Every structure is written in structure tokens, then in C-alpha cells.
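Survey of secondary and tertiary structure
Okay, here's what each chain looks like letter by letter:
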Amino acid sequence: MEIETLPWQKEAKCLQAEPDTFFPEKGGSTREAKRICAQCTVRAECLEYALANDERFGIWGGLSERERRKLKRLAS
């Protein structure tokens, strides 16, 4: 089974990093993932995808799960 990728995902900086960086254990640091996201040209697309698909785990578009929930609440 092949996983479909979206066009913007090919440009994502996270592809060059360890996946664990973006899915830290509870209480783990998100600093490195956010640093990588800050330099990414498709950060906005990534965040939009995470919000639209209700991604509940990991760092997406430079935001943690908690930060995405807060953003969704503020947008409501």
C-alpha cells in the first residue's frame, strides 16, 4: 500500500530530519522541530493540512497539539 503525498510535502524540511523530532514523548522538547519548521517554505500548507485533518499528534506547521487546539478555539 502506497501512501499518497501532497505536492507541498515534497518541499517539507522535516523530510530531512528524524521523525522522532516531530513526535516527541510527552513532556519532551519541541524546540528542534519548531526550529526546522521556522525555516520551511511550506510551513503554512503543513499547518493548514493539520488543522483541516484534525492531526492530534506531533508538530505540524511549527505548532504543537496544544497550540493547534488553541488556534482552532480562537478561530471558532
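Residues numbered from 1 in each chain as written. Predicted model: local features only at pLDDT ≥ 70, side-chain atom pairs only at ≥ 80, totals over all residues. Heavy atoms only, no water.

Observations concerning the overall build of the protein chain
Across its full length, the protein chain holds 4 helices and 0 strands. Walking the protein chain from its N terminus toward its C terminus, one meets helices and strands in the order α-α-α-α. Relative to a compact globule of 76 residues, whose C-alpha radius of gyration would be 11 Å, the protein chain shows 12 Å and is just as compact. For the protein chain, with 76 residues in total, the buried portion stands at 25%. Considering only contacts within the protein chain whose residues lie at least 6 apart along the sequence, 39% involve residues at least 24 apart. If you sum the accessible surface of the protein chain, you get close to 6,100 Å²; carbon and sulfur atoms cover 52% of it. Here the protein chain contributes 14 positively and 13 negatively charged side chains, and the mean placements of these two sets differ by 9 Å. (Helix = DSSP H or I, 4+ residues; strand = E, 2+ residues; numbered from the N terminus. Rg over C-alpha atoms; globule rule 2.2 N^0.38 Å. Buried < 20%, exposed > 50% of the residue type's maximum accessible area, 1.4 Å probe, protein only. Contact = heavy atoms within 4.5 Å. Areas by Shrake-Rupley, 256 points an atom, 1.4 Å probe, with all protein chains shown as cover. Lys, Arg positive; Asp, Glu negative; His and termini not counted. Charge placed at Lys NZ, Arg CZ, Asp CG, Glu CD.)

With respect to the side chain of R68
Along the chain, R68 turns up in helix α4 (residues 65–75). Of the buried charged residues, R68 lacks a salt bridge, with E65 as the closest side chain of opposite charge at 5.0 Å. Within polar-contact distance, the side chain of R68 engages the backbone oxygen of G58 at 2.9 Å. (Salt bridge = Lys/Arg side-chain N within 4 Å of Asp/Glu carboxyl O. Polar contact = N/O pair within 3.5 Å; in protein donor to acceptor, adjacent residues only side chain to side chain.)

So, a positive patch on the surface
Residues K26, R66, R69, K70 and R73 make up a contiguous surface patch of positive charge. Its place among the elements puts R73 in helix α4. (Patch = residues over 30% accessible without salt bridge, like charges linked within 9 Å, V, L, I, M, F, W, Y side chains within 5 Å.)

Notes on the state of the cysteines
In the structure shown here, the tally under the stated rule is 0 disulfides. Here C37 is not disulfide-linked; the sulfur of C46 is the nearest cysteine sulfur, at 6.1 Å. The cysteine C40 is free of any disulfide, with C14 supplying the nearest cysteine sulfur at 6.4 Å. Overall, the relative accessible area of 16% leaves C40 in the buried class. (Disulfide = S-S within 2.5 Å.)

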